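Descriptive analysis of the structure
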Amino acid sequence: MFAPLQNDTFLRACLRQPTPYTPVWLMRQAGRYLPEYRATRARAGSFMGLATNTDYATEVTLQPLERYALDAAILFSDILTVPDAMGLGLSFALGEGPKFAHPVRDEAAVERLQVPDMAQLRYVFDAVTSIRRALNGRVPLIGFAGSPWTLACYMVEGGGSSDYRLVKTLLYSRPDLMHRILAVNADAVALYLNLQIEAGAQAVMLFDSWGGVLADGAFQQFSLAYSQRVLRQLKKEHGGVRIPHLLFTKGGGLWLEEMAALQPDVLGLDWTVNLGQARQRVGDRVALQGNLDPNVLFASPAQIRAEVARLLHSWGPPGEAGNTGNGHIFNLGHGISQHTPPDHVGVLVEAVHELSTQARGTP
């Protein structure tokens, strides 16, 4: 059904297998910093018009790969498609972010929640298959979803938040209701990701974007436990091929060991974590992904190269204590800024490939 994979460097790194260089892709690599993305979005008329149209979603997913030698593509979609399918009424106003018309804030609203009919998300699965075909084996395709806790933040707040007052009030005053929301979310996300795998995704990533806003103790109960519930249900292989699982918690540096214990294949790191120290903390249990500060991309090309070299070196010199550089996927510590100069992204990608190849002594 799909063309043979020509570049499996990313997938090999996810499984801590030898690679000739450190693979690189970027969170939000298909997005507003690219003029071609902005042109396609204008044709689509709205963000959801873009995300729900198979041809547009395919086009924008491939745009960064036409510019840069990235080692993976990631599905163009949004983490809030799942709660939208639950009937919460998702909309995006330009410059204002996502909004839900029907936030979940009382017992009756919580009781109405259920795992949605995935037929409502057929546009996502169609996009996965379309993108996989359009890639023609160039690089692997990553599918993704928001974590149960992160989705709950948007569902209760009704959109983005600066203080998470509403969702935390519910968490502390009615933990029973919060656990109900999270259980439904976890089962919906697991099903959603498995269907992405069946549609053609070759790896899947769980974005726990707001796990870091929780207190220690609350994180384990309300975020980690439900990420675990998702991971336990995910397909580990499809069609006889291993499907890596990636988990990223922004602000989760305190809990790396506990996240590694969930046994994802890869842990994503934000830029507040020292990569070398993280590697020592988790050992050889998981691969690590990250973790350049996205704002480095506003610096000069020379400084970008220097920061890439510093981060690669922090992983540990190849050959030291048996280290070959395996198990590291270069990425940003969070999504790329919409204001990033596109040429600077090219500098980053070239530097990662060049410097990591030199460090390994690869011909």
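Quick note: structure is the one above.
We now turn to the structure provided with this report.

**Re the nonpolar core**
Of all hydrophobic cores here, the largest spans 132 residues; its most connected members are Phe10 and Leu348. Counting residues per element, this core draws most heavily on helix H10 (residues 175-199), which supplies 14 residues. Beyond its immediate chain neighbours, meaning those up to four positions away, Phe10 contacts Pro23, Trp25, Asp71, Ala72, Pro140, Ile142, Ala203, Leu246, Gln289 and Ile329.

**Thoughts on the pairing of strand E10 (residues 287-292)**
Summarising burial for E10: six of the six residues are buried, a large majority. As paired elements, strand E9 (residues 266-268) and E10 share three bridges and run parallel to each other. Bridging from a neighbouring strand, Gly268 pairs with Gln289 of E10. Where E10 and strand E11 (residues 328-332) come together, five bridges link them in parallel fashion. Paired with Asn291 across the strands is Asn331, a residue of E11.

**Quick notes on the pattern of salt bridges**
Taken as a whole, this structure holds 12 salt bridges when the rule is applied. The partner of Glu66 in a salt bridge is Arg138, and the shortest N-O contact between them spans 3.0 Å. Of this pair, Glu66 sits in helix H4 (residues 54-67) while Arg138 is found in the loop between helix H7 (122-135) and strand E4 (141-146), placing the two residues 72 residues apart along the sequence. With its nearest N and O atoms 3.4 Å apart, the salt bridge here joins Arg174 to Glu107. Placement of Arg174 in the loop between helix H9 (165-173) and H10 and of Glu107 in helix H6 (residues 107-112) is noted, with a sequence separation of 67 residues between them. For Arg174, a relative accessible area of 29% gives the class partly exposed. Because the salt bridges share partners, they merge into one network encompassing Glu107, Arg174 and Asp176.

So, how was this worked out
Residues numbered from 1 in each chain as written. Predicted model: local features only at pLDDT ≥ 70, side-chain atom pairs only at ≥ 80, totals over all residues. Heavy atoms only, no water. Core = buried A, V, L, I, M, F, W, Y, C linked by side-chain atoms within 4.5 Å. Buried < 20%, exposed > 50% of the residue type's maximum accessible area, 1.4 Å probe, protein only. Helix = DSSP H or I, 4+ residues; strand = E, 2+ residues; numbered from the N terminus. Contact = heavy atoms within 4.5 Å. Pairing = 2+ DSSP bridges. Salt bridge = Lys/Arg side-chain N within 4 Å of Asp/Glu carboxyl O.

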